[in-house]
Amino acid sequence: MYDEQDYLMISGIQHFLFCRRQWALIHIEQQWQENVLTLEGQYLHEKTDQPTIREKRKDRLIVRALPIHSPTLGITGICDVVEFVQDPNGVPLNGESGTFSPIPVEYKHGKPKQELSDILQLTAQAVCLEEMLVCEVPKGYLYYHETKRREEIDITPALREELKKNVAEMHQYWTRRYTPKVKTGNFCKKCSLQNICLPKLMNVQTVKGYLDRRLCE
Amino acid sequence: MRKLLNTLFVTTPETYLALDGENIVIKKEDTTLGRVPLHNLESIVTTGYLGASPALMRKCAEKNIGLTFLTNTGKFGSRVTGGTTGNVTLRKKQYRLSDIEEESLAIARHFIIGKLYNQRWMLERLTRENPMRIDVERFKQISGELKNYIEDIRLIDNLESLRGIEGQAANRYFLLFDQMILQQKSDFGFYGRNRRPPLDNVNAMLSLAYTLLAQECAAALETVGLDPYVGFMHQDRPGRASLALDLMEELRGIYADRFVLTLINKKMITEKDFVKKESGAVILTDDGRRIFFQKWQEKKQEQIQHPFLGEKINWGLVPYAQALLLSRFLREDLDGYPPFLWK
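Remember, it's a predicted structure, so these values are computed and weren't measured experimentally.

The secondary structure content of chain B amounts to ten helices and twelve strands. Looking at chain B as a whole, 59% of its 343 residues qualify as buried. Relative to all contacts within chain B whose residues are 6 or more apart in sequence, the contacts with residues 24 or more apart total 62%.

This is the structure we're talking about:
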């Protein structure tokens with residue numbers, strides 16, 4: 001069980017999988033810079049981020065911007081949308097009659113990605129909902145803005161394991177307040193923090209060498 | 001590197017700055033003088049008297065746009081900033097080191113090495129480019145002295161000595177400043193630094209250039225999450241942005257002094273751009289200040305090869321790059337603080 005103070009943002013999982021250093025710059029060092037991609041993401045989330053709207057449609061209750069957490073994993077965040085579907089095998093909800101099963105829906109700009117980042121973020125949400133509602137969340141959806149489609153994702157044991165592994169590593173860095181060194185790659189071009197990170201800088205030269213060289217000219 | 005956005009200088013007297021949607025609106029009485037989208041701006045510097053609307057201040061703070069108020073003599077008035085950025089671990093490291101003489105010295109030493117190195121190459125450059133106009137021997141001599149001072153600085157073990165050497169070196173360098181003025185000699189002579197108030201045209205411009213540079217250094221430090229008020233060489237003094245002053249040391253000569261010299265030597269600014277007050281204080285006229293700011297802005301767009309990063313960046317980004325490198329050193333990503341060594 002983690003202390004609330006040390007809960008990490010679920011939204012950080014995608015940063016972490018993209019680049020551990022980027023995650024640390026944002027979440028440990030609190031640095032942030034916008035670029036086109038981050039602004040698109042923000043714009044999209046403004047639409048989903050309406051915590052006071054609660055919709056009922058036939059067999060389901062749709063809730064937006066639902067705050068969630070998992071004390072065992074030490075993570076916290078907000079679900080864009082959770083659909084509570086009436087289900088005889090579900091759990092009762094405060095103020096509602098009947099029983100429900102929750103299905104998290106995460107909104108993403110762009111289209112489905114190769115990497116696991118979106119899927120693990122959704123997995124984290126599922127795990128939180130399970131822990132908070134004491135129920136099972138076997139699946140969730142990723143809605144992609146570019147394709148205007150939702151993809152159904154099975155929350156498999158393998159995904160849960162992968163999530164656990166990554167979150168544990170995040171917590172290690174967090175405890176040490178440690179920003180991992182740069183590992184550069186093509187992905188640096190897409191990073192909004194490259195001017196803070198200075199990926200090229202680290203392996204270039206030592207300051208001592210630089211001074212010695214210049215000063216003996 | 002980060003794109004260098006623009007600084008908006010508002011120099012028309014009696015103007016009021018307001019917010020309209022995502023734009024800054026410049027007003028004078030009932031008329032609108034101009035309207036600029038905020039997303040293009042990195043900072044706003046105003047010498048207008050009337051100020052800015054709270055809505056604009058808030059927007060600037062939110063969007064990380066520096067909003068600085070100067071008096072019409074170019075003296076710093078105030079700056080609007082948002083919540084402190086960056087992380088507490090980095091700032092605590094800064095505070096811890098600033099309390100330990102040895103650690104402070106390791107950083108302060110590099111600021112001053114940078115300063116002397118850059119001034120030295122200014123002198124060397126002049127002997128190369130204008131040997132007929134200046135006393136080459138004297139320039140070579142003082143350049144040699146600066147070189148020796150740098151050697152000394154690498155060996156000293158306390159801040160007091162560093163400050164002493166820095167002061168001596170500054171005196172030697174300024175002895176040659178008058179000779180660096182190659183045009184308009186009768187209107188622009190230099191007989192020593194004076195600042196409260198500046199008593200001649202050259203000092204008036206130097207003061208303004210240092211004010212702007214200090215502002216830009218403070219903003220750069222703020223951006224990377226450092227506290228501009230806690231320095232390593234300059235000691236804490238309430239209201240003084242000591243770290244910004246530390247950081248600007250290495251840029252004083254190559255950035256501010258050279259800028260002022262260019263204005264004079266290229267006759268971009270002339271005697272008519274100054275007024276002498278009854279007290280002997282000299283200030284720039286509104287027109288003079290407009291030219292000064294405009295040229296300053298142009299200078300910031302010029303490209304330069306960053307000696308340590310090995311990347312081409314705009315001059316205006318140099319304070320930011322140096323602030324970033326300093327934070328990298330504090331974070332132990334680098335083995336020292338690399339000063340900006342120009343040649």
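That shown, we press on.
Right, let's get into the overall build of chain A. Summing up its helical and strand segments, chain A has seven helices and seven strands in all. In sequence order, chain A lays out its α and β elements as β-α-α-α-β-β-β-β-α-β-β-α-α-α. Across the 217 residues that make up chain A, the buried fraction comes to 49%. Long-range pairs, those at least 24 residues apart, make up 60% of the contacts in chain A with a sequence separation of at least 6.

Comment: phi is negative for the bulk of residues other than glycine, and the bulk of peptide bonds are trans. Residue and element names in this part refer to chain A. Positive phi values are uncommon outside glycine, yet Lys58 reaches one of about 35°. With respect to the element layout, Lys58 can be found in the loop between strand E2 (54-57) and strand E3 (60-70). Positioned with a positive phi, Ala65 is a non-glycine residue whose angle comes to about 50°. Within the fold, Ala65 resides in strand E3.

With that settled, consider the interface of chain A and chain B. Opposite the 26 residues of chain A that make contact, chain B presents 35 residues. Summed over both sides, the interface of chain A with chain B buries roughly 2,600 Å², with 55% coming from carbon and sulfur. Where chain A meets chain B, there are one salt bridge. Our count for the chain A to chain B interface comes out at six residue pairs in polar contact (both at pLDDT 80 or more). Listed by contribution, the elements that provide at least two residues to the side of chain A that touches chain B are helix H2 (20-27), helix H6 (194-197) and helix H7 (207-215) of chain A. If one sorts the elements of the side of chain A that touches chain B by residue count, H7(A) sits on top with seven residues. Looking at the side of chain A that touches chain B residue by residue, the class counts come to eleven nonpolar, six polar and nine charged.

So, on to the sheet that holds strand E3 (residues 23-28) of chain B. Two modes of strand pairing occur in sheets, parallel and antiparallel, and in both the strands are linked by backbone hydrogen bonds. Residues and elements named next belong to chain B. Here we have four strands laid out as an open sheet, ordered E4-E3-E2-E6, and mixed in their pairing. In the strand order of this sheet, the two ends are held by strand E4 (31-37) and strand E6 (51-52), each with one partner. Sheet topology note: the strand E2 (residues 16-20)/E3 ladder contains five bridges and is antiparallel. Counted as the bridge partner of Leu19 is Ile24 from E3. Its contacts with the sheet put helix H1 (residues 54-62) on E2, E3 and E6, and the angle it makes with E2 is roughly 70°.

Our next topic: the environment of A:Arg54. Residues and elements named next belong to chain A. With respect to the helices and strands, the residue Arg54 is situated in strand E2. Between the C-alpha atom of Arg54 and that of Arg64, which follows or precedes it by ten residues, the distance is 6.9 Å. Residues contacting Arg54, with those up to four places away along its chain left out, are Leu61, Ile62, Val63 and Glu96.

With that settled, the discussion passes to the packing of aromatic side chains. Aromatic ring pairs: the centre-centre distance and the angle between the two ring planes describe each pair. According to the stated counting rule, one finds 20 aromatic pairs over all chains in the structure shown. Through a chain of ring-to-ring contacts, the aromatic side chains of B:Tyr255, B:Phe259, B:Phe292, B:Phe293, B:Trp296, B:Trp315 and B:Phe340 assemble into a single cluster. Positioned above the aromatic ring of A:Trp174 is the side chain of A:Arg177, whose terminal nitrogen or guanidinium carbon lies 4.2 Å from the ring centre.

In this section: the environment of B:Gly114. Relative to the helices and strands, B:Gly114 resides in helix H3 (residues 101-129). For the pair formed by B:Gly114 and B:Gly253, sequence separation is 139 residues and the distance between their alpha carbons is 10.0 Å.

To continue, consider the pairing of strand E6 (residues 139-144) of chain A. All names here are of chain A. The element E6 is largely enclosed, with a buried count of five among its six residues. Pairing of strand E5 (residues 99-108) with E6, which is carried by four bridges, proceeds in the parallel orientation. Looking at E6, one finds that Tyr107 is bridged to Tyr143. Read as a crossover between parallel neighbours, the route from E5 over helix H4 (residues 117-133) to E6 is right-handed. Two elements, E6 and strand E7 (residues 149-154), share six bridges in a ladder whose sense is antiparallel. Note on E7: the bridge partner recorded for Tyr141 is Glu152.

Residues and elements named next belong to chain B. As annotated by UniProt and renumbered to match this structure, "binding site: Mn(2+)" (unreviewed entry) occupies Glu166, His234 and Glu249. Taking the farthest pair of C-alpha atoms as the criterion, the annotated set spanning 84 residues converges on one region, since that pair is 11.8 Å apart. Within the secondary structure, Glu166 is located in helix H5 (residues 159-175). In this structure Glu166 touches Ile112, Lys115, Met233 and Glu249, once residues within four positions along its chain are discounted. Tracing the backbone shows His234 in the loop between helix H7 (201-224) and helix H8 (242-265).

All names here are of chain B. Of all six residues that make up strand E5 (residues 41-46), six are buried, and the element is covered over most of its length. Two elements, E5 and strand E7 (residues 66-70), share four bridges in a ladder whose sense is parallel. Opposite Val45, over in E7, you have Thr68 as the bridge partner.

Residues and elements named next belong to chain B. Judged by side-chain charge, Glu101, Glu102, Glu103 and Asp157 come together as a negatively charged surface patch. Mapped onto the elements, Glu103 comes out in helix H3. On the basis of relative accessibility, which here comes to 35%, the residue Glu103 falls in the partly exposed class.

What follows covers the nonpolar core. Grouped together as the largest cluster of nonpolar side chains are 109 residues, with contacts concentrated most on B:Ile107, B:Leu162, B:Phe177, B:Met180, B:Met205, B:Phe292 and B:Trp296. Per element, the largest residue contribution to this core is 15 residues, and it comes from H7(B). Other than its neighbours up to four places away in sequence, B:Phe177 contacts B:Phe190, B:Val202, B:Leu206, B:Asp257 and B:Leu261. One finds A:Trp23, A:Cys79, A:Leu93 and A:Ala126 within the second-largest nonpolar core, a separate group that totals 38 residues.

Take B:Gln184: it is sitting in the loop between helix H6 (177-180) and H7. In this structure, B:Gln184 is in contact with B:Leu263, B:Ile264, B:Lys267, B:Ile269, B:Thr270 and B:Glu271, ignoring residues within four places of it in sequence.

Enumeration over the complete set of coordinates arrives at 32 salt bridges over all chains. A salt bridge links A:Arg150 to A:Glu83; the shortest N-O distance between them is 2.8 Å. Pair noted here: A:Arg150 is in strand E7 and A:Glu83 is in strand E4 (residues 75-92), with a separation of 67 residues, a long-range link. What makes A:Arg150 partly exposed here is its relative accessible area of 32%. A salt bridge links B:Asp287 to B:Arg290; the shortest N-O distance between them is 3.4 Å. Here B:Asp287 pairs with B:Arg290, and both are found in helix H9 (residues 286-301), just three residues apart, close to one helical turn. On the basis of relative accessibility, which here comes to 40%, the residue B:Arg290 falls in the partly exposed class. What you see here is one network of salt bridges that share partners, running through A:Asp59, A:Arg60, A:Glu83 and A:Arg150.

Basis of the calculations
- Residues numbered from 1 in each chain as written.
- Chains lettered and ligands numbered in written order.
- Predicted model: local features only at pLDDT ≥ 70, side-chain atom pairs only at ≥ 80, totals over all residues.
- Heavy atoms only, no water.
- Helix = DSSP H or I, 4+ residues; strand = E, 2+ residues; numbered from the N terminus.
- Buried < 20%, exposed > 50% of the residue type's maximum accessible area, 1.4 Å probe, protein only.
- Contact = heavy atoms within 4.5 Å.
- Buried area = accessible area lost by both parts, 1.4 Å probe.
- Salt bridge = Lys/Arg side-chain N within 4 Å of Asp/Glu carboxyl O.
- Polar contact = N/O pair within 3.5 Å; in protein donor to acceptor, adjacent residues only side chain to side chain.
- Nonpolar A, V, L, I, M, F, W, Y, C, P; charged D, E, K, R; others polar.
- Pairing = 2+ DSSP bridges.
- Axes fitted to C-alpha atoms, helices over the stretch in contact; angles between N-to-C directions.
- Phe/Tyr/Trp six-rings, centres within 6.5 Å; stacked < 30°, edge-to-face > 60°.
- Lys NZ or Arg CZ within 6 Å of the ring centre and 35° of its normal.
- Right-handed = clockwise from strand over helix to strand, strands pointing away.
- UniProt positions renumbered as here; feature names shortened; annotations may be inferred.
- Patch = residues over 30% accessible without salt bridge, like charges linked within 9 Å, V, L, I, M, F, W, Y side chains within 5 Å.
- Areas by Shrake-Rupley, 256 points an atom, 1.4 Å probe, with all protein chains shown as cover.
- Lys, Arg positive; Asp, Glu negative; His and termini not counted.
- Charge placed at Lys NZ, Arg CZ, Asp CG, Glu CD.
- Core = buried A, V, L, I, M, F, W, Y, C linked by side-chain atoms within 4.5 Å.

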